Amino acid sequence: MSLSKKKISLSSMLVLFAAIVFTACDGGKGDYNPANEKVVGETKAELTLPPNVPAPIDPHRAATKQIVHVEVLEHEGTMTDGVTYTYWTFGGSVPGQFIRIREGDEVEFHLKNHPDNKFAHNIDLHAVTGPGGGAASSFTAPGHETVFSFKALNPGLFVYHCAVAPVGMHIANGMYGLILVEPKGGLPKVDREYYIMQGDFYTSGRTGEAGHQSFDMDKALAENPDYVVFNGSVGAIAGDNALKAKVGETIRLYVGNGGPNLISSFHVIGEIFDEVHVEGGTAINKNVQTTLIPAGGAAIVTFKVEVPGSLHLVDHSIFRAFNKGALGSIDVTGEENKKIYSGLLEDKVYMAEGGRSLTLPKAKGSTEKLAGSKAERIKMGENVYKQLCQACHQPDAKGMKGVFPPLANSDYFANDPNKAISAIIHGLSGKITVNGEVFNSAMPAQSLSDEEVANVVTYLLNSFGNKGGEVSPEQAKKVRASGTADKGGH
Amino acid sequence: MIRLTYILISFILLWGSSVVMAEPPSKIEWIAIPSGEFYPFFADTVKPIALDGFFISSTQITNAQFLRFVKANSKWRRSKIKPIFAESNYLGYWEADTVLGEDAPPNAPVVMVSWFAANAYSKWVGGRLADMSEWEYVASASTTKSNAYNDNSFSTTLLKMYEKLPKVPLPNVGERFKNFYGVYDMHGLVWEWTRDFNSVIVSTDSRDKTNQDGKLFCAAGSIGNVDPSNYSAFVRYSMWSSLQAKFCLRNIGFRCVKDK
């Protein structure tokens, strides 16, 4: 090394010198050290609730002092229809408010713990270089506000979360979110950006059990969640809340995983990620089907949507998607392009599960709530329908042509509700004719109690243009005892 | 360090100004707690702490009880209290200095009361605040057993009580959760000050085990405490360690003890 140095000619020394001067003046990437970048002025950072993301940072904006205010709120929210849960949140939502800054920015962070809260909280931002990621400086009693500041040294997408003991409980109740540190010069422009975060929840009752549910420490220790969801609740980004896009647009998703326990196999059914910032960092992988997102980690994925339809976002640990809630969607509108695609995605996914019954054992000691009246039966049945049936039979019960038979105005069980009961309890496969249309498919047996079967069938009989009636749990019990799956019209 | 300074200064001030008043008609019902052994949750060893018997108030101190105290001791009124002894929201649910008002029913626990004020009240009634070990000793009783901390179901019940969102005005004391000793509301109403509330340091970043202060931490292993599954205790100790003696929180009140 020293030998070769001596042999460097004068001219090459000059070139080298010129190059150094040039890069220094230019502030070129090679020499750039965010720690040394001067901070100019200050602004109050714009934060957004999920699934929204603050506007991209002007690539020419100087490093600035960003004032961030986040308020911790403990409040009751809806986990799924008929099920409530006490969430602990950064800014009122799960995940918490999205923070967007650039490397070189200085952040003055204000953590406010609402006076009505019962617990002390703090914040650990994985974007912070320093003890506890800020947790050591932000331990905040209810009715107090703490302030600390940090310089953003590393670009990337980072998780933040509460780190007060018991940490697992604070995270399990929803205390996590994402902070994006844009690289200097920004990220490439895209048409749409969304914010999604997966989390697992542990409730005293089993999945779907109605009423207010408490946090269950035993299930959390056993890492056996009742709900695995995107953005804090079942359906938070599905149905009416689905994300929107147009054919031809490029979409960027900022995807985090709060945990506390599970690792996400994040996948979008019917899309291939053109680019993935692996683990939210700088490395870019291309043409990815499923990207792994660790608990307490994140990824940035981008893809162009080419055809209209519903794209389903899932944790491809697939029981979580279809049975525990980890399902979202992007509704893409625009012109069909038959050259690229024509057909139904849902068919395939459904068949992968066909013919099997998932038995969900009742939680020990839990007692089932029984309907006290027909009206209550219908109401409880509606919850079952929304949690279980509408994924295939659709929210309007009109089914899907050729795949899922309609339950609306259905002549299949109009004169014999037992046929509906049997299909639910025993499953149904083979050819059937509903409202003049032939279906040749399979429905798996559902693990519902007699009470739940009675509720959902009663709901069906009294909804979607069907002609009324009531089914009792005893009737469901009889059908259950009477035998095995119907084989359609055979 | 700041905390220590506060306590030192306040001791000096208290020393100079404290006047022992006559026993007030406070109608505190004292429950006798027998002597016994207590296994501290945060201990590095599993040696029990021996506790002498003591008396404890059957309920948390109510607004009505505290009102008598501030009527008799004007320097503890909202308008008179020195800022070093209480934050600006001291007795914030009260309508005025000596008027309770709608948000502070007479039989609800007094809250937004600083450690200093709670300590002064306790002395005024001839008692003191409970040590944390004493408090935990009484709080470890379920409705049927003197020590139920080893029951997983008890810990679960406590967590459920803790996560319940508070309602304003707060409910009355003495109506729920009467434990083995006949003491009410040790859990589920509001948190309580103890005499040495900040003597056990939950590291501000609670996962830090290397810190010398860090007798207690949480995260993966929880090897620093006796029973890792006792998450309800983590919750209480986290809360205590986030406090300073002048803090006045909507969800912290207190009760008194008296030596036998």
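Cut-offs and rules
Residues numbered from 1 in each chain as written. Chains lettered and ligands numbered in written order. Predicted model: local features only at pLDDT ≥ 70, side-chain atom pairs only at ≥ 80, totals over all residues. Helix = DSSP H or I, 4+ residues; strand = E, 2+ residues; numbered from the N terminus. Buried ≥ 20, exposed ≤ 12 C-beta atoms within 10 Å, placed from the backbone. Contact = placed C-beta atoms within 7 Å. Arc of directions from axis to C-beta. Nonpolar A, V, L, I, M, F, W, Y, C, P; charged D, E, K, R; others polar. Core = buried A, V, L, I, M, F, W, Y, C linked by C-beta atoms within 7 Å. Domains from an automatic or database assignment. Pairing = 2+ DSSP bridges. Axes fitted to C-alpha atoms, helices over the stretch in contact; angles between N-to-C directions. Parallel < 35°, antiparallel > 145°, perpendicular 65-115°, else oblique. Left-handed = near helix turned anticlockwise from the far one by under 90°.

This part covers the overall build of chain A. Counting secondary structure elements, chain A contains 10 helices and 23 strands. Residues counted as buried form 45% of the 490 residues belonging to chain A. The contacts of chain A with a sequence gap of at least 6 include a subset with a gap of at least 24, amounting to 72%.

So, on to helix 2 (residues 63–72) of chain B. In an α-helix, one full turn covers 3.6 residues, which means residues spaced three or four apart are oriented alike. All names here are of chain B. All buried positions along helix 2 are accounted for by N63, Q65, F66, F69 and V70. All buried residues of helix 2 lie within an arc of 160 degrees about the axis, which places them on one face of the element. Contacts from the buried residues of helix 2 go to helix 3 (115–124).

A few words now on the interface of chain B and chain A. Taken together, the contact between chain B and chain A spans 28 residues of the former and 27 residues of the latter. At the level of elements, helix 5 (152–163) and helix 6 (231–241) of chain B are the ones that each hand at least two residues to the side of chain B that touches chain A. Within the side of chain B that touches chain A, the residues separate by chemical class into 15 nonpolar, seven polar and six charged.

Okay, the nonpolar core next. Membership of the largest hydrophobic core comes to 160 residues, with the highest contact counts inside it found for A:F158, A:L178 and B:V113. Those residues in contact with B:V113, other than ones at most four positions away along the chain, are B:F66, B:L91, B:A118, B:C248, B:G253 and B:F254. Listed in part, the 25 residues of the second largest apolar core include A:A371, A:I424, A:L428 and A:A476.

Bringing the domain arrangement of chain A into the picture now. How big an interface is tends to be reported as the loss of accessible area on association of its parts. All names here are of chain A. Domain boundaries assigned for chain A yield domain 1 (31–342) and domain 2 (374–482). Each of domain 1 and domain 2 has a C-alpha centre, and these two points are 37 Å apart. In terms of residue class, the side of domain 1 that touches domain 2 is built from one nonpolar, four polar and one charged.

Residues and elements named next belong to chain B. Summarising the element assignment, G253 is placed in strand 7 (residues 252–253). Separated by 167 residues in sequence, G253 and A86 place their C-alpha atoms 14 Å apart. Other than its neighbours up to four places away in sequence, G253 contacts Q60, I61, P109, V110, V111, V113, V190 and E192.

What follows covers the sheet that holds strand 19 (residues 297–304) of chain A. All names here are of chain A. Taken in spatial order, the six strands of this open sheet run 12-10-14-19-16-17, and their pairing is mixed. The open sheet terminates on both sides in strands that have one partner only, identified here as strand 12 (227–230) and strand 17 (284–288). Sheet twist, expressed as the mean angle between neighbouring strand axes with direction ignored, is 20 degrees. Two strands pair when backbone bridges link them, and strand 14 (residues 250–259) and strand 19 are joined in this way by eight bridges, in the antiparallel orientation. Counterpart to T250 in the pairing with strand 19 is K304.

This brings us to the sheet that holds strand 20 (residues 309–315) of chain A. All names here are of chain A. One open sheet holds the five strands; their spatial order is 13-21-20-15-18, and the pairing between them is mixed. Strands at the two margins of the open sheet, each flanked by one partner only, are strand 13 (243–246) and strand 18 (290–293). Going across the sheet, the axis of each strand differs from the next one's by a mean of 25 degrees, ignoring polarity. As paired elements, strand 13 and strand 21 (residues 327–333) share four bridges and run parallel to each other. Counterpart to A245 in the pairing with strand 21 is V332.

A few words now on unusual backbone geometry. Residue A:P166 is bonded to the preceding A:A165 through a cis peptide linkage, with omega at -10 degrees. In this structure, A:P166 sits in the loop between strand 8 (156–161) and helix 3 (167–172). Look at the link from B:V168 to B:P169: it is a cis peptide, with omega at -5 degrees. The residue B:P169 is located in the loop between helix 5 and strand 6 (191–192) in this model. Of note in the backbone geometry, B:M112 takes a positive phi value of approximately 50 degrees without being a glycine. Assignment of secondary structure puts B:M112 in the loop between helix 2 and helix 3. Residue B:M112 is classed as buried on the basis of its C-beta count, with 24 C-beta atoms lying within 10 Å. Unlike most non-glycine residues, B:F177 shows phi in positive territory, near 45 degrees. Within the secondary structure layout, B:F177 lies in the loop between helix 5 and strand 6.

Residues and elements named next belong to chain B. Structurally, A139 can be placed in helix 4 (residues 132–139). In this structure the C-alpha to C-alpha distance between A139 and L243, which are 104 residues apart in sequence, comes to 20 Å. In contact with A139, other than residues within four places in its own chain, are M186 and H187.

All names here are of chain A. Taken across its seven residues, strand 21 has five buried, putting it largely inside the fold. With six bridges joining them, strand 20 and strand 21 adopt antiparallel strand pairing. Note that in strand 21 the partner of L313 across the bridge is G328.

Once that is clear, we can look at the packing of helix 9 (residues 450–461) of chain A against helix 10 (residues 473–482) of chain A. Residue and element names in this part refer to chain A. Close contact between helix 9 and helix 10 brings their axes to 8 Å; oriented N to C, the two are set at 110 degrees. Considering the angle they form, helix 9 stands roughly perpendicular to helix 10. In the packing of helix 9 onto helix 10, the handedness of the crossing is right-handed. On helix 10, the residues that touch D450, E451, V453 and A454 of helix 9 are P473, Q475, A476, K477 and R480. Here the residues of the contact of helix 9 with helix 10 are counted per class, giving four nonpolar, one polar and four charged.

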